Amino acid sequence: MSTEVRLNFGDYVTWGLIIAAIFVVWMWAGNWGRPPYPVVSEVSSYVFTPYTVVYVGGGVVTALFMGSMIFFTIKFRAREGYGEE
């Protein structure tokens with residue numbers, strides 16, 4: 001019995017969909033990276049432009065990490081009769 005596990009095309013699609021779903025939830029929870037309150041001055045716009053960039057960047061990193069953890073935990077979990085005999 002071979003213990004080698006290969007990812008097929010469907011696995012990559014599933015992995016990508018999990019990552020995309022987590023990213024969409026992250027963005028929805030943070031109001032799509034918009035400032036938490038209306039921008040009323042020019043100084044506020046200087047503060048909230050980097051805020052949006054950091055928020056979206058953090059969402060990408062979070063989605064990649066959490067999506068990969070969820071996918072690999074489900075894909076490579078220990079199964080009965082797999083491994084030791």
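Details of the structure are given in the entry above.
Residues numbered from 1 in each chain as written. Predicted model: local features only at pLDDT ≥ 70, side-chain atom pairs only at ≥ 80, totals over all residues. Heavy atoms only, no water.

Asks: Describe the environment of Met69, listing the residues and the values that go with them.
Replies: For Met69, the position within the fold is in helix α2 (residues 42–75). In sequence terms Met69 and Ile19 are 50 residues apart; their C-alpha atoms lie 9.9 Å from each other. (Helix = DSSP H or I, 4+ residues; strand = E, 2+ residues; numbered from the N terminus.)

Asks: So, the environment of Pro35: which residues are in play, and what are the values?
Replies: On the secondary structure map, Pro35 appears in the loop between α1 (9–29) and α2. For the pair Pro35 and Ser45, spaced 10 residues apart in the sequence, the C-alpha separation amounts to 9.1 Å. Aside from chain neighbours lying at most four places away, what touches Pro35 is Phe48 and Tyr51. (Contact = heavy atoms within 4.5 Å.)

Asks: Hey, could you go over the side chain of Asp11 for me, with residue numbers and the actual values?
Replies: On the secondary structure map, Asp11 appears in helix α1. The exposure class of Asp11 is buried, given its relative accessible area of 13%. When neighbours within four sequence positions are excluded, Asp11 is seen to be in contact with Arg6, Phe71 and Lys75. (Buried < 20%, exposed > 50% of the residue type's maximum accessible area, 1.4 Å probe, protein only.)

Asks: Run through the packing of aromatic side chains, naming residues and quoting values.
Replies: Evaluation of the coordinates by the stated rule reveals eight aromatic pairs. With a centroid separation of 6.3 Å and 25° between ring planes, the pair formed by Tyr51 and Tyr55 is classed as stacked. Here Tyr51 pairs with Tyr55, and both are found in helix α2, just four residues apart, close to one helical turn. Considering the side-chain rings of Phe71 and Phe72, the 5.3 Å spacing of their centres and the 65° angle between planes classify their relative orientation as edge-to-face. Residue Phe71 is classed as buried on the basis of its relative accessible area of 5%. With relative accessibility at 31%, the residue Phe72 sits in the partly exposed group. Members of the aromatic cluster, each reached through a chain of ring pairs, are Tyr12, Trp15, Phe71, Phe72 and Phe76. (Phe/Tyr/Trp six-rings, centres within 6.5 Å; stacked < 30°, edge-to-face > 60°.)

Asks: An account of unusual backbone geometry is requested, with residue identities and associated values reported.
Replies: For residues that are not glycine, phi is negative in most cases, and the peptide bond is trans in most cases. Look at Asn31: it is not a glycine, yet its phi comes out positive at around 60°. Summarising the element assignment, Asn31 is placed in the loop between α1 and α2. You can call Asn31 partly exposed: its relative accessible area is 37%. At Trp32, a position not held by glycine, the phi torsion is positive, near 60°. Mapping Trp32 onto the fold places it in the loop between α1 and α2.

All quantities given are derived from atomic positions and should not be read as evidence of function.
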